[in-house]
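One-letter residues, chain by chain:
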Amino acid sequence: MGAPFLIGEKMTGGYGAADILHDCTIAVEKGEIAVIVGPNGAGKSTAMKAVFGMLTLRHGQVRLDGEDITAFSPQARVAKGMAFVPQTDNVFLSMSVEENLEMGAFLRRDDIRPTMARIYDLFPVLKEKRRQAAGELSGGQRQQVAVGRALMTQPKVLMLDEPTAGVSPIVMDELFDRIIEISRTGISILMVEQNARQALNIADKGYVLVQGANRYTDTGEALLADPDVRKTFLGG
Amino acid sequence: MNILDAIVVLLNYVIIPATSYGAQLALGALGVTLIYGILRFSNFAHGDTMAFGTAVTILITWAFQAAGITFGPLPTALLALPLGIAVTALVLLFTDRAVYRFYRRKKAAPVILVIVSMGVMFVMNGLTRLIIGVQDQNFADGQRFIINAFQFRKMTGLAQGLALRTTSVITLLTAIIVVAALFWFLNHTRTGKSMRAFADNEDLALLSGINPERVVTVTWLLVAGLATTAGVLYGLDKSFMPFTYFQLLLPIFAAAVVGGLGNPLGAIVGGFVVAFSEVMSTYAWRMVAAYVLPRSLVPGGLMQLLTTDYKFAVSFAILVAVLLFKPTGIFKGKSV
Ligand SMILES: Nc1ncnc2c1ncn2[C@@H]1O[C@H](COP(=O)(O)OP(=O)(O)OP(=O)(O)O)[C@@H](O)[C@H]1O
Ligand SMILES: [Mg+2]
């Protein structure tokens, strides 16, 4: 295996004086799914923001396809083929579903209709509701809009922060299926999940973060099998 | 009893003036609401921006008139308006680069920006007085009336004559065109949609690759257009005096807040709500009453709620009431 496609390596930093992340490393290989789990407040979202350049790092490096992008702005990372769905406020509430998708493609100058059609194939309910304001949709539908918006840039790597937060179990399974489908198209996926067991099930690689540091790192399968991980993080 | 005469009186003294005034307030409030939505502060310099834009337009109008250029039956000021807007746009962009951008970079709190805008207000105010003076300027030319009271009386035989001034019609038509163009821009162009996205969720707009500086620049350009147009229409309809424009700040903010700050549709509705409230509560209803009520029931007083000296109290009362009972306004803008 060569160098990972996207890696945040030995990241140290936080929002102000105090560091939240301590030498934290997360990475994803090309076309694979990497999952970050850990207790509330572990710094999972912070690690994602750091990888996306929304946080200044005191130490560490972010590399995309071998290139050092640590100093890049989030917009520059979008242009480089990265897309991010934040944990909260991840849709334009007052805009229609279709406009949300258009905004995702803001940097593109080519024909965006084929991409939009593909997203409507992936999430048929969005096509039905494309003229409706995103703020009027259910939680699960909003998450689909959020993922759809991120996919509009035709990213090489998609970062998702708790895409299944606040949705019903049925919708959650449905979303996991869609995420697998997206990854099959060759897009690398780096995702934070609360539903650790299910997420690790579909993960090629898993990271358990505790207090801003890596506690366990292994394949999804191995983490699920590890008795320590099971006891402390998966509820037995 | 004479219903027709009552209607004519109502049109003359309430409906027509309140509609023109409402349209002017709506355009002013649209500027305030755009700045609030995109730059996230209440711009106290807006009244003086209107005054500045109008002053420039008046100077250009005078130059046109001196050169013998007129607009036929329409006011020459309409010809000068695009140039006035261009000059105002340059001044606003300069202000943004020189003043607001510094605070934007520092991510200053909205209340700091409000105070900064007061500083800008004083400078704009001084600038306007310096270039055109403090006196009243009347710059309306062209045909004064579309229907005048005398002709109307002769035509209809009614006791009351309907007067429809050119400026009233121009105000309404211009406002309709400007508002339609603005909404088309916001809803159907890439740049317009990116402005709405930025207003809705700044962080997500950044994550989508929207350039905030470009959004801000376009906003100031639109604000220059809206403020100058609103100011020129108000000046044509009444007259131009810098101090009056400063005072307009209150009804304009009331309009923007009533409709819901940050919501363009709300700004328009708010403009008319404030204008009608103001005109209706300062109008002496006795003449209308005299036409519709039997003589024995017509009261002796003027039936005027407030004298016109207190018209600003109406905006103030509306503002306070909305902030107390429904801070997000009619159309669920952002709470202040
Ligand atoms: N914008 C912020 N400014 C300052 N501190 C923050 C900010 N966001 C998060 N924190 C702090 O950083 C720490 C890590 O938070 P983070 O959101 O990364 O955790 P998380 O693992 O994503 O938790 P959750 O599972 O609840 O999403 C917490 O102590 C939190 O209080
Ligand atoms: Mg989180």
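Shown above is the structure to which this text applies.
Definitions and limits used
Residues numbered from 1 in each chain as written. Chains lettered and ligands numbered in written order. Predicted model: local features only at pLDDT ≥ 70, side-chain atom pairs only at ≥ 80, totals over all residues. Heavy atoms only, no water. Helix = DSSP H or I, 4+ residues; strand = E, 2+ residues; numbered from the N terminus. Expected span 1.5 Å × (residues − 1). Buried < 20%, exposed > 50% of the residue type's maximum accessible area, 1.4 Å probe, protein only. Contact = heavy atoms within 4.5 Å. Buried area = accessible area lost by both parts, 1.4 Å probe. Salt bridge = Lys/Arg side-chain N within 4 Å of Asp/Glu carboxyl O. Near = heavy atom within 4 Å. Polar contact = N/O pair within 3.5 Å; in protein donor to acceptor, adjacent residues only side chain to side chain. Areas by Shrake-Rupley, 256 points an atom, 1.4 Å probe, with all protein chains shown as cover. Nonpolar A, V, L, I, M, F, W, Y, C, P; charged D, E, K, R; others polar. Pairing = 2+ DSSP bridges. Axes fitted to C-alpha atoms, helices over the stretch in contact; angles between N-to-C directions. Core = buried A, V, L, I, M, F, W, Y, C linked by side-chain atoms within 4.5 Å.

Draft legend 1. Quick peek at helix α4 (residues 110-132) of chain B. Residue and element names in this part refer to chain B. With 23 residues, α4 extends 32 Å from end C-alpha to end C-alpha; this agrees with the ideal 33 Å at 1.5 Å per step. Residues of α4 that are buried: Leu 113, Val 114, Val 116, Ser 117, Val 120, Met 121, Met 124, Asn 125, Thr 128 and Ile 132. Considering only its buried residues, α4 is in contact with α1 (3-39), α2 (46-66), α3 (77-105) and α10 (242-259). Count one or two residues on from α4 and you reach Gly 133, which has phi positive near 90 degrees.

Draft legend 2. Looking closely at the interface of chain A and chain B. Taken together, the contacts link 23 residues of chain A with 16 residues of chain B. Both sides together, the interface formed by chain A and chain B hides about 1,800 Å², and carbon and sulfur atoms give 57% of it. The three residues of chain A that bury the most area against chain B are Gln 75, Phe 92 and Phe 106 of chain A, which together make up 36% of that side's buried surface. At the boundary of chain A with chain B, the tally comes to 2 salt bridges. Of the charged contacts in the structure, one is a salt bridge between Glu 99 of chain A and Arg 196 of chain B, with a shortest N-O distance of 2.7 Å.

Draft legend 3. Seen up close, the site of ligand 1. All names here are of chain A. Of all residues adjacent to ligand 1, which total 13 residues, the nearest are Gly 41, Gly 43, Lys 44, Ser 45 and Thr 46. Within the contact set of ligand 1, an oxygen atom lies 3.0 Å away from a backbone nitrogen or oxygen of Gly 43. Within the complex, 59% of the 630 Å² of free accessible area of ligand 1 lies under protein. Taken together, the residues of the shell around ligand 1 break down into 4 nonpolar, 7 polar and 2 charged.

Draft legend 4. Layout of the pattern of salt bridges. Using the criterion set out here, one finds 17 salt bridges over all chains in the structure. As a salt-bridge pair, Arg 130 of chain A and Glu 98 of chain A come within 3.6 Å of each other at their nearest N and O atoms. Taken together, the positions of Arg 130 of chain A in the loop between α5 (124-128) and α6 (139-151) and Glu 98 of chain A in helix α3 (residues 97-104) put the pair 32 residues apart, joining distant regions of the chain. Given the relative accessible area of 18%, Glu 98 of chain A is considered buried. In this structure, Glu 102 of chain A engages Lys 193 of chain B in a salt bridge whose closest nitrogen and oxygen atoms are separated by 2.4 Å. Here the residue Glu 102 of chain A occupies a position in helix α3, and Lys 193 of chain B occupies one in helix α7 (residues 190-200), the pair thus bridging two chains. Neither residue differs from the other here; Glu 102 of chain A and Lys 193 of chain B are each classed as buried. If you follow the salt bridges from partner to partner, you end up with Asp 96, Arg 97, Arg 104 and Glu 213 of chain B in one network.

Draft legend 5. Looking closely at the sheet that holds strand β1 (residues 6-13) of chain A. Residues and elements named next belong to chain A. Taking strand neighbours across the sheet as the criterion, the 4 strands line up as β2-β1-β4-β5 in an open arrangement whose pairing is antiparallel. At either end of the open sheet lies a strand with only one pairing partner, and these are β2 (21-28) and β5 (67-68). Here β1 pairs with strand β4 (residues 57-64) via 6 bridges, running antiparallel. Bridge pairing in β4 links Gly 8 to Val 62. Together, β1, β2 and β4 form the strand contacts of helix α1 (residues 44-51), whose direction differs from that of β2 by roughly 70 degrees.

Draft legend 6. Main features of the side chain of Ser 42 of chain B. All names here are of chain B. With respect to the element layout, Ser 42 can be found in the loop between α1 and α2. Take Ser 42: its relative accessible area is 14%, and that puts it in the buried class. Beyond its immediate sequence surroundings of up to four residues, Ser 42 is in contact with Tyr 36, Val 114, Ser 117, Phe 253 and Leu 261.

Draft legend 7. Structural view of the nonpolar core. Membership of the largest hydrophobic core comes to 129 residues, with the highest contact counts inside it found for Leu 6, Met 11, Met 82, Met 159 and Leu 190 of chain A together with Trp 220 of chain B. Here the element with the most residues in this core is α1 of chain B; it accounts for 17 residues. When sequence neighbours within four positions are dropped, the list of residues in contact with Met 82 of chain A reads Leu 6, Val 51, Phe 52, Leu 64, Ile 69, Arg 77, Pro 155, Val 157 and Met 159 of chain A. By size, the runner-up hydrophobic cluster in this structure holds 46 residues, among which are Met 152, Phe 176, Ile 187 and Leu 234 of chain A.

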